[in-house]
Amino acid sequence: MDSAKTKSVKRMRERKICDIVELVTLWRKLYNGIPDNKGNLLRYSLDDAAKKVGVSKKSLDDYLLQLRFGRKLGFDFEKHKDDSV
């Protein structure tokens, strides 16, 4: 591969597990609905909620699936919260 091409490809920064849990939690809260200042429930589509969070919906879907599998298989999230993925 040409060195000029390698420089143009940027690698996404790695996220910590605790950051992923927070992002997915916020994303799902926005989708399920949050109260506005008038007490009305404000709901976003999954795509709109992902835009608000600042992460692609596909990434959030993938993270959610991995978190569910991890919980099902007994992964210790607290112990590994500062690990990068």
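Residues numbered from 1 in each chain as written. Predicted model: local features only at pLDDT ≥ 70, side-chain atom pairs only at ≥ 80, totals over all residues. Heavy atoms only, no water.

Considering helix H4 (residues 57-72)
So, point 1. With 16 residues, H4 extends 22 Å from end C-alpha to end C-alpha; this agrees with the ideal 22 Å at 1.5 Å per step.
So, point 2. Those residues of H4 lying buried are Leu60, Tyr63, Leu64, Leu67 and Gly70. Buried positions in H4, seen along its axis, are confined to an arc of 130 degrees and lie on one side of it. The exposed residues of H4 that point more than 90 degrees off its buried face are Lys58, Gln66 and Lys72.
So, point 3. Where the residues of H4 are buried, they touch helix H2 (17-32) and helix H3 (46-53).
So, point 4. Backbone geometry just after H4 places Gly74 at a positive phi near 80 degrees. (Helix = DSSP H or I, 4+ residues; strand = E, 2+ residues; numbered from the N terminus. Expected span 1.5 Å × (residues − 1). Buried < 20%, exposed > 50% of the residue type's maximum accessible area, 1.4 Å probe, protein only. Arc of directions from axis to C-beta. Contact = heavy atoms within 4.5 Å.)

Overview of the confidence of the model for the protein
So, point 1. Averaged over the protein, the pLDDT score is 88; the fraction of residues at 70 or greater is 86%.
So, point 2. A low-confidence stretch, residues 1-10 (pLDDT under 50), is modelled with 1 contact involving residues beyond four sequence positions or located in other chains. (pLDDT = per-residue confidence, 0-100.)

Considerations on the nonpolar core
For soluble globular proteins, nonpolar side chains are generally found buried alongside one another.
So, point 1. If you look at the biggest cluster of nonpolar residues, it comprises 13 residues, and the most contacted ones within it are Val24, Trp27, Val53 and Leu60.
So, point 2. For this core, the secondary-structure elements that each account for two or more residues are H2, H3 and H4.
So, point 3. Not counting residues up to four positions away in its chain, the partners in contact with Trp27 are Leu46, Ala49, Ala50, Val53, Lys57, Leu60, Asp61 and Leu64. (Core = buried A, V, L, I, M, F, W, Y, C linked by side-chain atoms within 4.5 Å.)

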